[in-house]
Amino acid sequence: MIPSGAVFFILITAVLLAAALAWVLAALYQRRMLALMSSGTAPEPAAGVTESTIPLDARAGTWATGVDFMANRHATIRLMLSLGAISLFIALTQSWLALLFVYDDSEFSLNRLLVLGAIYAWPMVLAWGLARRWSWLRILGGIALYLLAMLVLVMIRSTEAQTLSSVSGWLFSQVAIPMTITLLIGASARIRAVAPYLLPPTLLLTFSSVLTLQALTQSVNNPAPWVIHLVETLGAYPTLLLFAFGPWLVMAWPVFKLGKWLAGAYRAKLFSDLSYLIGIYWFLILFASALPGMESVGWVAFVQVLAWLWLPVLLYGLRGPLTPPPGPPTLLVLRVFQRDAQVERLFDQVIERWRLTGNTVLIAGTDLLTRTLDADDLFVYLNGALAERFIASPAQVTERIEGFDWLADPDGRYRINECYCFDSTWQTALRALVARADLVLMDLRGFRAENKGCRHELGVLAGAAHLRRVIVLHDRETARDVAESEINPVASARFQWLPADRLDGAMAARVLAALFDKAM
């Protein structure tokens, strides 16, 4: 049997390995994207499709009624309440299982069940933070406030004499290890979108290494002849390395199949990016919370992990209440490239909330890698097929857009659809995306006269009479006079300019309200 120390080593090593690989893969993915974007050749004239042949009025009048700012706010509230309810179900079940199988020497009572369940429910703050794209500093602050409330609750509801220091220490012990582990794979925005997808494979690989080394250790007093021969031939340390990493060759195929299954399940909408992240974090938290119990009750302590099953069950059951109204609008997002931090914040503050109401389309870029990368993208890259996603000629534009995912996930959020373009095809793709959009959010903060791509985009938007509104964000650095010179006077009424030197919560709400204004 694998001891508790080895189980903890498996978990920590797998998390660290996933984090390290995520850093490497994120950098390689970004480098590959940049190389592909700049490597396209000029489109073939014989293709029969050019930028000018794509009409700009394809989406006129398709926005459903009842889709407005208040509906979006209500959808946000429903999602937050649903995530809170799921967390409470998981926590109360974990509490019940822990009291039955781990704390079996203590008195079982409804009071203990509810108090312990409330304490175990602290990951609901993490779930809310993931859904609203809070920074990890804000998430940690929220968890700290939640634990402070739990400290007061325990002091009030405890039937025994408790000191403030003892209760505080116990609460900290319940959260310290799980929180540290989740921080390792999610605290950095650069790996937040990659590391969780790598964790299942790294868990399998690490487990295979530890299991093999454990078997070698148990046979050290009576080793097999082939092991002795191997040590004599290779030496002690090379043999240990072979036992540690040799199983990875055996596990390569299962790990590959697991990655392929994850990508296929994501495409089939068995889970969303948000539900996957919450599922991974809840699994880590339950697993880490069960580790201390191994010292007293052994492997029975991991019965607490069964509480995780509430996540898929309740998400399936909540599909009805979380389903958005039909006829979702489509938002095209355009931006000044190479301003990653600002664009990422725009996505966190505005687009994540918009996804509860409508679709989002854009031209892919490396600036939003940490916000748009999903299981399917990662597997396509690892499979060496990322170049196949790029639009090589104008003739492929319509085909790619027809392949977009326009349906909401089970959690009620719409996915972000991207066009992967070479330098030679992005203008044709832009025109097709404009034709498919109902409205546009254009981030021109930091725009300069030399940003010729943005100037071309403004000209195309000015010619798209079907667009309900074009919301343009600008700041002190924006060359607004140059931008407005690209818009003909007739179309200028559809452009709404919003000053956004600082995109705080109030400004984000204002941008979101402006997007819905024409639908009222």
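Starting from 1, residues in each chain are numbered consecutively following that chain's sequence as written. Residue-level local features of this predicted model are given only where pLDDT is at least 70; pairs of side-chain atoms are given and counted only at 80 or more, and the full residue set underlies all totals for whole chains, interfaces and linings. Heavy atoms throughout the structure, all of them, feed into the side-chain values; hydrogens and water do not.

(A) Quick peek at the overall build of the protein chain. Helix and strand definitions follow DSSP, with helices as H or I runs of at least four residues and strands as E runs of at least two, each counted in order from the N terminus. Across its full length, the protein chain holds 22 helices and 7 strands. In terms of overall size, the protein chain behaves like a compact globule, its C-alpha atoms giving a radius of gyration of 26 Å where 520 residues would be expected to give roughly 24 Å. Projected onto the principal axes, the alpha-carbon positions of the protein chain cover approximately 85 × 65 × 40 Å. When each of the 520 residues of the protein chain is scored for burial, the buried share is 53%. For this analysis, residues touch if any pair of their heavy atoms sits within 4.5 Å. Long-range pairs, those at least 24 residues apart, make up 83% of the contacts in the protein chain between residues at least 6 apart in sequence. Of the accessible surface of the protein chain, which amounts to about 23,400 Å², a share of 64% is contributed by carbon and sulfur atoms. Think of it this way: Lys and Arg go in the positive column, Asp and Glu in the negative one, and His and the chain ends go nowhere. By convention, the charge on Lys lies at NZ, on Arg at CZ, on Asp at CG and on Glu at CD. One finds the centroid of the 41 positive side-chain charges in the protein chain at a distance of 4 Å from the centroid of its 39 negative side-chain charges. Radius of gyration: over C-alpha atoms. The globule rule applied is 2.2 Å multiplied by the number of residues raised to the 0.38 power. Using a 1.4 Å probe on the protein chains alone, a residue whose accessible area is under 20% of its type maximum counts as buried, one over 50% counts as exposed, and one in between counts as partly exposed. Using a 1.4 Å probe, accessible areas were evaluated by the Shrake-Rupley method; residue-level cover was limited to the displayed protein chains.

(B) Highlighting empty space enclosed by the protein. The method works on a 1 Å grid over the protein atoms by themselves. A cavity is a set of points holding a 1.4 Å probe that cannot get out, a pocket is an open set with protein on both sides within 12 Å along at least five of seven lines, and residues with an atom within 4 Å of a point line them. Grid points are joined across faces, edges and corners, and a volume is the space filled by probe spheres set on the points. Summed over all chains, the structure comprises 7 cavities of 30 Å³ or more. Computed from the structure, the largest cavity encloses a volume of approximately 240 Å³. Lining of the largest cavity is provided by 20 residues; of these, Arg 133, Asp 273, Arg 355, Arg 371 and Leu 373 occupy positions nearest its centre. Counting only elements with at least two residues in the lining of the largest cavity, the list comes to helix H11 (273-290), helix H16 (369-372) and strand E4 (416-421).

(C) Representation of the environment of Arg 480 in the model. One can find Arg 480 in helix H21 (residues 480-485). In contact with Arg 480, not counting residues within four places along its chain, are His 474 and Trp 497.

(D) Summary view of the layout of surface pockets. There is about 670 Å³ of room inside the largest pocket. Along the wall of the largest pocket there are 23 residues; nearest its centre are Phe 271, Ser 275, Tyr 276, Trp 308 and Pro 312. Secondary-structure elements contributing two or more residues to the lining of the largest pocket are helix H8 (195-218), helix H10 (236-267), H11 and helix H13 (310-317). Under the scheme applied here, ten amino acids are nonpolar (Ala, Val, Leu, Ile, Met, Phe, Trp, Tyr, Cys and Pro), four are charged (Asp, Glu, Lys and Arg), and all others, including Gly, are polar. Residues of the lining of the largest pocket, tallied by class, amount to 17 nonpolar, 3 polar and 3 charged.

(E) Representation of the packing of aromatic side chains. Ring pairs shown here join Phe, Tyr and Trp side chains whose ring centres sit within 6.5 Å, with only the six-membered ring taken for Trp; geometry is labelled stacked below 30 degrees between planes, edge-to-face above 60, and tilted in between. Under the criterion given, the structure shown has 16 aromatic pairs. On the basis of an interplanar angle of 65° and a centroid distance of 5.3 Å, the ring pair of Tyr 29 and Tyr 381 is categorised as edge-to-face. With a gap of 352 residues between them, Tyr 29 in helix H1 (residues 4-37) and Tyr 381 in helix H17 (residues 375-382) connect regions that are remote in the sequence. Given the relative accessible area of 17%, Tyr 381 is considered buried. Three or more aromatic residues joined by ring pairs form one cluster here, namely Tyr 197, Tyr 266, Phe 271 and Tyr 276. Look at NZ for Lys and CZ for Arg. If either is within 6 Å of the ring centre and within 35 degrees of the ring normal, a charge sits over the ring. Against the face of Tyr 266 rests Arg 415, its NZ or CZ located 3.8 Å from the ring centre. The residue whose ring lies beneath Arg 436 is Trp 406, and the NZ or CZ to ring-centre distance is 3.8 Å.

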